[in-house]
Amino acid sequence: MKPGVDARPQRGRAAWLIFAGLLAGIAGGAFAWRILAPEGKPVRRTDSVPNDVQPQELVVPTEPVEISTRMRPGEWTEESLAAHIEEYKQQIRGMGAAESEIVTEVERTEQGAAKVVVRWDRRGPAV
């Protein structure tokens, strides 16, 4: 220490920095808690909800449901294509579609690619 310099202002400064650090840590923890659990409620995990239970705001009974894929040349055979179509139909049946509401479209290109669309037309069959 230099002669004539008081040590008290240094201690006050250190105490202030420690206090500011503690306050910032508490504020950060409170912010993190608000983000992770808003309003003190635990966050509901969506991966634990069974597939057949959906919130009502997500269920739109008039919109079509569609499962589709595109396969490049050499990635499919007629047998695997039929298996894909049946798998997609089974998934849509599992959602509640009647057989008459399931529409299947298969488009083959000249290069050997295939596009498969299986759709649940919830409006019913076209008249």
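These numbers come from a predicted model, not from an experiment. Residue indices begin from 1 for each chain and proceed along its sequence in written order. Local features are withheld for residues below a pLDDT of 70 in this predicted model, meaning they are given only at 70 or higher, and side-chain atom pairs are given and counted only at 80 or more; totals for whole chains, interfaces and linings count all residues. Side-chain measures were taken over the full set of non-hydrogen atoms in the model, leaving aside hydrogen atoms and water.

Engineer: How should I be thinking about the overall build of the protein chain in this particular structure?
Structural biologist: Only DSSP runs of H or I reaching four residues or more are called helices, and only runs of E reaching two or more are called strands; each is numbered from the N terminus. When you go through the protein chain residue by residue, the secondary structure sums to two helices and three strands. N-terminal to C-terminal, the α/β element order of the protein chain is α-β-α-β-β. Think of it in three bands: with a 1.4 Å probe and only protein chains considered, a residue is buried below 20% of the maximum accessible area for its type, exposed above 50%, and partly exposed in between. Taking all 127 residues of the protein chain together, the buried fraction comes to 17%. We call two residues in contact when some of their heavy atoms are within 4.5 Å. Counted over contacts in the protein chain with a minimum sequence separation of 6, partners at least 24 positions apart contribute 58%.

Engineer: I keep staring at the pattern of salt bridges and nothing clicks. Help me out?
Structural biologist: Oppositely charged side chains may form a pair once their charged atoms are brought near each other. When a carboxyl oxygen of Asp or Glu lies within 4 Å of a side-chain nitrogen of Lys or Arg, that pair is called a salt bridge. If you walk through the whole model with that rule in mind, you get four salt bridges. Close ionic contact of Glu 86 with Arg 93 constitutes a salt bridge, the shortest N to O distance being 3.1 Å. Judged by its relative accessible area of 38%, Glu 86 falls in the partly exposed class. Judged by its relative accessible area of 25%, Arg 93 is partly exposed. The residue Arg 93 makes a salt bridge to Glu 99 at a minimum N-O spacing of 2.8 Å. What makes Glu 99 partly exposed here is its relative accessible area of 46%. Here the salt bridges share partners, and the residues they tie into one network are Glu 86, Arg 93 and Glu 99.

Engineer: Sorry if this is basic, but what is going on with the pairing of strand β2 (residues 102–108) here?
Structural biologist: A regular strand places its side chains on the two faces of the sheet in alternate fashion. Only when DSSP finds a minimum of two bridges between them are two strands counted as paired. With seven bridges connecting them, β2 and strand β3 (residues 114–120) associate as antiparallel partners. Bridge pairing in β3 links Glu 107 to Lys 115. Linkage of β2 to β3, two consecutive antiparallel strands, is achieved through a turn of five residues, within which Gly 112 is found at a positive phi near 105°.

Nothing here speaks to function; it is all geometry.
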